[in-house]
Amino acid sequence: MIPPAKPRNEAERLRWLQELEILDSLEEKAYDDLTFLAAQICRTPIALVSLIDSDRQWFKSHHGLAARETPRDIAFCAHAILDDELFVVEDSARDERFHDNPLATGQPYVKFYAGAPLILKDNIRVGTLCVIDNEARKISDDQKQAIKALARQVVSQMELRLKIKELRLLDRAKDEFVSMVSHELRTPLTSLKGSLALLQHTTSSTLDANAIQLLEIANRNAERLLNIVNDILDLASMEAGKLELKCEPIDLIEIVRNAIDLSESYCRKCGCRIVLDQQQSAAVPAIMADAQRILQVLINLISNAAKFSCEDDTLEISVAAVGDSVHVAVTDHGKGIPPEQMTNLFKKFTQIGGGNAKLPGTGLG
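Asks: Please clarify how the sheet that holds strand S11 (residues 325-331) should be interpreted in this entry.
Replies: Read across the sheet, 3 strands follow the order S8-S10-S11 without closing on themselves; strand pairing throughout is mixed. At either margin of the open sheet sits one strand with a lone partner, and together these are strand S8 (272-276) and S11. For this sheet, the mean angle separating the axes of adjacent strands, direction not counted, is 15 degrees. Pairing geometry for S8 and strand S10 (residues 313-322), over 5 bridges, is parallel. Bridged to Arg273 within S10 is Thr314. Of the strands in this sheet, S8, S10 and S11 touch helix H7 (residues 252-269), which is tilted by about 170 degrees from S8.

Asks: Would you mind showing me how to read the pairing of strand S1 (residues 46-52) here?
Replies: Regular strands place their side chains on alternate faces of the sheet. In terms of burial, S1 is largely enclosed, as 7 of its 7 residues are buried. On S1, burial covers both faces: Ile46, Leu48, Ser50 and Ile52 on one face and Ala47, Val49 and Leu51 on the other are all buried. Across 6 bridges, the pairing between S1 and strand S6 (residues 124-133) is antiparallel. Along S6, the bridge assignment pairs Ala47 with Val131. Where S1 lies against strand S2 (residues 56-63), 6 bridges are found, and the strand directions are antiparallel. Looking across to S2, one finds that Ala47 is bridged to His63. Between S1 and S2, which follow one another and run antiparallel, lie 3 residues.

Asks: Teacher, can you tell me more about helix H8 (residues 291-307) here?
Replies: Working note: α-helix, 3.6 residues per turn, so residues spaced by three or four point in the same direction. Compared with the 24 Å implied by 1.5 Å per residue over 17 residues, the 24 Å span of H8 between its first and last C-alpha is a close match. Buried positions along H8 lie against strand S7 (248-250), H7, S8, strand S9 (287-289), S10 and S11. Its side-chain oxygen placed 3.1 Å from the backbone nitrogen of Gln292, Asp290 serves as the N-cap of H8.

Asks: Hey, could you run me through helix H2 (residues 29-42) in this one?
Replies: The first and last C-alpha atoms of H2 sit 20 Å apart over 14 residues, in line with the 20 Å expected at 1.5 Å per residue. By the burial criterion, the buried members of H2 are Tyr31, Leu34, Thr35, Ala38, Ala39 and Cys42. Seen end-on, H2 carries its buried residues on one side only, within an arc spanning 135 degrees. Once H2 finishes, Arg43 follows within two positions and takes phi at roughly 55 degrees, a positive value.

Cut-off values and rules
Residues numbered from 1 in each chain as written. Predicted model: local features only at pLDDT ≥ 70, side-chain atom pairs only at ≥ 80, totals over all residues. Heavy atoms only, no water. Pairing = 2+ DSSP bridges. Helix = DSSP H or I, 4+ residues; strand = E, 2+ residues; numbered from the N terminus. Axes fitted to C-alpha atoms, helices over the stretch in contact; angles between N-to-C directions. Contact = heavy atoms within 4.5 Å. Buried < 20%, exposed > 50% of the residue type's maximum accessible area, 1.4 Å probe, protein only. Expected span 1.5 Å × (residues − 1). Polar contact = N/O pair within 3.5 Å; in protein donor to acceptor, adjacent residues only side chain to side chain. Arc of directions from axis to C-beta.

Purely spatial values, then, with no claim about function.
So this is what it looks like as structure tokens:
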């Protein structure tokens, strides 16, 4: 028996194998399906997805074989990873490398072996997809091509595994960022905005016009920054499925009027005004909803309408009961959204027609 040599890039190869976090993992149907197909195509009793660790070969999938691992120094697959091509042993009894190999002279009596290396990027060969028979035989060209194709599918599964791992790390980093934003930005911003509002209220009579204007600018920008931070936190909560809604019976008309009151100054800055259609809103029943989130949605709709309204426009809000639902509409008379930009409507941080907006926005509303 001739023990297998080690690849020149052994350290890098083992690092990638650990990066996969696949050794000693549970069985997966995607890999088992591929070994089943390999065995059927090559008409062999055994097919394996074998990964070569530092001192063992471990089987991610083991069709027709009860064992989950063997020592590396007797593994046929440890020879197969030394080259990019399909490694074929037609009769182990006639091959000086394997004639007295324990896997050939004892269970599972490997007489025929064909293994395609599993090649990751940078020519990293982590293991093989192989087929095994206990009788000497040949393999056709079609079968060789099929084994290579199935091996590429095994590699695709491994690359998908790495991608999922990367996405999980990014998701964890996002959660840490959101936590940092919540603590390091929102808390001091809230305090800053409160202090500016208090200062503006208590000292307006003793300050000159220039100082009052500076206070107003500081307070307005502190409020805008706090709104951006809150929008980002809300977005992160929604994407994580952690946005909690407090649904209870609410008076929708009261919420709409509150939204109008809170949006009046913003509308004035945009050169428009806002009115509620009293006639349609007369017979609206109470609904089950989260009052704060409904208010947030209405303010977003009103601010968007105001930013893109015509000069001296009148924004109209109507509320109407329609069957078991209640419909709320915010109407402006601006240019509207071009049909070709509709697909961008809900893209994060994308503001459609931002150049025509009367006031800036984040594209998160």
